[in-house]
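Given next are the chains, with one letter for each unit.
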Amino acid sequence: MKKKKKVGKKLKKNMPTLSKTAKLIIAAAAVFMFVCTFSIFYVVLGSYDGLGLPRSMPEHDYQLSGISKEKGRLSYEDDNFKTVAGIDVSYYQKKIDWKKVKADGIDFAMIRLGYRGYEGGDLTLDSRFKENLSGAKKADIHVGVYFFSQAVTVEEAVEEAKYVIRHIRGRGVTYPVVFDMEPISGAHRIDDLSVLDKTEIADAFCQIIERNGYTPMIYGNPTWLLENLDLRYLTRYDIWLAHYTDETDYAGKFKFWQYTDSGKVKGIKGKVDLNLMFKEK
């Protein structure tokens, strides 16, 4: 019986060895890849460049007399546009059965990511943000987010935008990232801001969102949009209109319309805001 030849040691002897230079190059490449990965997920780009030039405010092209209503929900379609149904939610809606929401005809959800406190000014994540984001995505519902701002400087607005980016990057947010500033009864943090201040703050937030690859949007009711912001400087951003009526008389251009805060959707206990998104055909 012939003995098997031992080839392992010979193979090892014949294998080329890496030089110190090659090893250093490989190590440097590994570090570079790690830094790139870290940058993609954790580094938020941008600083505020200031307001651009004012432009004339565009008006919408919808014929809102053609709005249809069925079982408490609005819809719209003409030769150029159609609407899809959506909701916006926060921890106030508590536990949501997202599969039932989807089955009830809801195509998208705008989820509150967090807010700045109107007293201390701290940034806080909505306690159900991660749960809502995960549940909506698993139910195949398109997801956007909004942040409730009480920023009093452009620096705070930039801080808010970067906070939002850090919490959505890599998590499948494909719908707009919304700046939502509103007055709070009994709170006075933003009371002394001028129209120009508020306009710059909204613009600063949206600039950072845009530079990081997301679609910025500004939320407000007609009074807020027309009396608290100078929209001539914000025409590059889409508007999410909050107006609780079956036929808004707001003439400015808008893409989302929050038309009630008393909607009913299966899978959600209690009332929920209902929205339309206008899409070009």
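A quick note: this is a predicted structure, and the numbers were derived from the prediction, not measured.

### Quick word on the overall build of the protein
Inference 1: When helices and strands are tallied, the protein shows 7 helices and 11 strands.
Inference 2: Counting every position in the protein, which comprises 281 residues, the buried fraction comes to 44%.
Inference 3: Of all intrachain contacts in the protein linking residues separated by at least 6 positions in sequence, the fraction that spans at least 24 positions is 67%.
Inference 4: Total accessible area computed for the protein in this model is approximately 16,400 Å², and 52% of it derives from carbon and sulfur atoms.

### Focus: the pairing of strand β10 (residues 256-263)
Inference 1: With respect to burial, β10 is a largely interior element, 6 of its 8 residues being buried.
Inference 2: Relative to β10, strand β9 (residues 238-242) is paired through 3 bridges, and the arrangement is parallel. Residue pairing across strands places A242 opposite Q258, the latter belonging to β10.
Inference 3: Two strands pair when backbone bridges link them, and β10 and strand β11 (residues 272-280) are joined in this way by 5 bridges, in the antiparallel orientation. Following the sheet pairing, Q258 is matched in β11 by N275.

### Comments concerning the environment of Y76
Inference 1: Among the secondary structure elements, Y76 is positioned in the loop between β2 (73-75) and β3 (81-89).
Inference 2: Residues Y76 and F278, spaced 202 residues apart in sequence, show a C-alpha to C-alpha distance of 8.2 Å.
Inference 3: The residues contacting Y76, other than those within four sequence positions of it, are Y62, Q63, L64, G66, I67, F81, K82, T83 and F278.
Inference 4: Within polar-contact distance, the side chain of Y76 engages the backbone nitrogen of Q63 at 2.8 Å.

### Quick word on the environment of K269
Inference 1: If you trace the backbone, K269 turns up in the loop between β10 and β11.
Inference 2: For the pair formed by K269 and K94, sequence separation is 175 residues and the distance between their alpha carbons is 8.0 Å.

### Looking at the packing of aromatic side chains
Inference 1: Per the counting criterion, the structure on display carries 18 aromatic pairs.
Inference 2: Centre to centre, the rings of Y62 and F254 are 5.3 Å apart; their planes meet at 75°, and the pair counts as edge-to-face. You can see Y62 sitting in the loop between α2 (20-42) and β1 (68-70) and its partner F254 sitting in the loop between β9 and β10, a full 192 residues away along the chain. Across the pair, F254 and Y62 agree in class, each one buried.
Inference 3: One aromatic cluster in this structure is built from Y62, Y76, F81, Y250, F254, W257, Y259 and F278.

### Here's the deal with helix α5 (residues 154-168)
Inference 1: The end-to-end C-alpha separation of α5 is 21 Å, in line with the 21 Å expected for 15 residues at 1.5 Å each.
Inference 2: α5 sits mainly inside the fold: 11 of its 15 residues count as buried.
Inference 3: Restricting attention to buried positions, one finds in α5 the residues E156, A157, V158, E160, A161, K162, Y163, V164, I165, H167 and I168.
Inference 4: Next to the buried residues of α5 lie β4 (108-116), β5 (123-125), α4 (129-138), β6 (142-149), β7 (177-181) and α6 (195-211).
Inference 5: Once α5 ends, the next one or two residues include G170, with phi positive near 80°.

### A closer look at the nonpolar core
Inference 1: Core analysis: the biggest nonpolar cluster contains 67 residues, and I87, W98, I168 and F205 have the highest contact counts within it.
Inference 2: Apart from the residues lying within four places of it in its own chain, the contact partners of W98 are I87, V89, A109, E131, N132, G135, A136, A139 and I141.
Inference 3: Residues V84, F108, Y146 and W240 belong to the second largest nonpolar core, which totals 12 residues.

What counts and what doesn't
- Residues numbered from 1 in each chain as written.
- Predicted model: local features only at pLDDT ≥ 70, side-chain atom pairs only at ≥ 80, totals over all residues.
- Heavy atoms only, no water.
- Helix = DSSP H or I, 4+ residues; strand = E, 2+ residues; numbered from the N terminus.
- Buried < 20%, exposed > 50% of the residue type's maximum accessible area, 1.4 Å probe, protein only.
- Contact = heavy atoms within 4.5 Å.
- Areas by Shrake-Rupley, 256 points an atom, 1.4 Å probe, with all protein chains shown as cover.
- Pairing = 2+ DSSP bridges.
- Polar contact = N/O pair within 3.5 Å; in protein donor to acceptor, adjacent residues only side chain to side chain.
- Phe/Tyr/Trp six-rings, centres within 6.5 Å; stacked < 30°, edge-to-face > 60°.
- Expected span 1.5 Å × (residues − 1).
- Core = buried A, V, L, I, M, F, W, Y, C linked by side-chain atoms within 4.5 Å.

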